Amino acid sequence: MSRLFILSAGAALALTQAASAAPAAPETQPLKIAKECSQFTGDTPSFCTITESNLEAIPAGSKILYYGPVVANPLFSSSTAVIAVGNGDSALGYCVVYDTAKPPLGTCAFHAGSGTLAGFQAIVKVTVDDKQIWHWDGDYVLGTTQAAK
């Protein structure tokens, strides 16, 4: 019986040490992006242009491309979204927006990135203001350290 106790205690100690040696989850940072969609056509892909961003890795002028499957529905959009910064720097996610809500609202979640956006993960609330500027407000983590503006 004492041998079993010693083995159990040893296994528990090993699991505790392994858990404490695991890297800590990265802390989230606030993400605020504004975009204008005057060139959004409802075709696949359609795009919006970022006008403001607090994340240096996603500068103003970057495009957000929407690939569907639902981009021209009168009630809602449900689409793969790609933040295209350029030179292989991009992020991949999915957005669902209830376009006929007053005001429209939705959520986007990003789960992968490449280049300067490698390891990018974010979840944002989508809203639109009276001037038809769309806002993403939420949190992100990035695999490499990027400074917010």
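Here the structure is shown first, and the text comes after it.
Attention here is on the structure that accompanies the text. All of these numbers come straight from a predicted model, not from anything done at the bench.

1. Structural notes on the environment of Ile 50
Along the chain, the position of Ile 50 falls in strand β2 (residues 46-53). A C-alpha to C-alpha distance of 9.6 Å links Ile 50 and His 135, two positions 85 residues apart in sequence. Non-local contacts of Ile 50, meaning those with residues more than four positions away in its chain, are made with Ile 33, Ala 34, Lys 35, Ile 58, Pro 59, Ala 60, Gly 61, Ser 62, Ile 64 and Ile 83.

2. Some thoughts on the nonpolar core
Within the largest apolar cluster, 28 residues are counted, with the highest numbers of intra-cluster contacts made by Leu 31, Ile 58, Tyr 66, Ile 83, Phe 110, Phe 120 and Trp 136. Where this core is concerned, the elements lending two or more residues are β1 (29-36), β2, β3 (63-70), β4 (76-86), β5 (89-98), β6 (105-114), β7 (121-128) and β8 (133-141). Among the elements that make up this core, the one with the highest residue count is β7 (4 residues). If near-sequence neighbours (up to four positions away) are discounted, Ile 58 is found in contact with Ile 33, Ile 50, Ser 53, Ile 83, Val 85, Leu 117 and Phe 120.

3. Some words on the state of the cysteines
With the rule as written, the count across this model stands at 2 disulfides. With a sulfur-sulfur separation of 2.0 Å, Cys 37 is cross-linked through a disulfide to Cys 48. Measuring handedness by torsion sign, the sulfur bridge of Cys 37 and Cys 48 sits at about 110° and is right-handed. Linking Cys 37 in the loop between β1 and β2 with Cys 48 in strand β2, this pair joins segments that are 11 residues apart in sequence. The exposure classification of Cys 37 matches that of Cys 48, with both residues buried. There is a disulfide in this structure between Cys 95 and Cys 108, and the S-S distance comes to 2.0 Å. When the S-S torsion is 115°, as for the bridge of Cys 95 with Cys 108, the disulfide is right-handed. Here the residue Cys 95 occupies a position in strand β5, and Cys 108 occupies one in strand β6, the gap between them amounting to 13 residues.

4. Focus on the sheet that holds β2
The strand order around the closed barrel built from 8 strands is β1-β2-β3-β4-β5-β6-β7-β8, with neighbouring strands paired in antiparallel fashion. Taken over all neighbouring pairs, the strand axes of this sheet differ in orientation by 30° on average, direction set aside. Note: β2 against β3, 4 bridges, orientation antiparallel. Looking across to β3, one finds that Cys 48 is bridged to Ile 64.

5. A look at unusual backbone geometry
Leaving glycine out, the prevailing phi sign among residues is negative, and the prevailing peptide bond configuration is trans. Cis rather than trans, the peptide bond between Thr 44 and Pro 45 has omega equal to -5°. Along the chain, Pro 45 falls in the loop between β1 and β2. Between Lys 102 and Pro 103 the backbone carries a cis peptide bond, its omega angle lying at -5°. Tracing the backbone shows Pro 103 in the loop between β5 and β6. Of note, Asn 87 is a non-glycine position whose phi angle comes to about 50°, a positive value. On the secondary structure map, Asn 87 appears in the loop between β4 and β5. You can call Asn 87 exposed: its relative accessible area is 83%. Non-glycine residue Gln 132 carries a positive phi angle of around 65°.

Analysis parameters
Residues numbered from 1 in each chain as written. Predicted model: local features only at pLDDT ≥ 70, side-chain atom pairs only at ≥ 80, totals over all residues. Heavy atoms only, no water. Helix = DSSP H or I, 4+ residues; strand = E, 2+ residues; numbered from the N terminus. Contact = heavy atoms within 4.5 Å. Core = buried A, V, L, I, M, F, W, Y, C linked by side-chain atoms within 4.5 Å. Buried < 20%, exposed > 50% of the residue type's maximum accessible area, 1.4 Å probe, protein only. Disulfide = S-S within 2.5 Å. Pairing = 2+ DSSP bridges. Axes fitted to C-alpha atoms, helices over the stretch in contact; angles between N-to-C directions.

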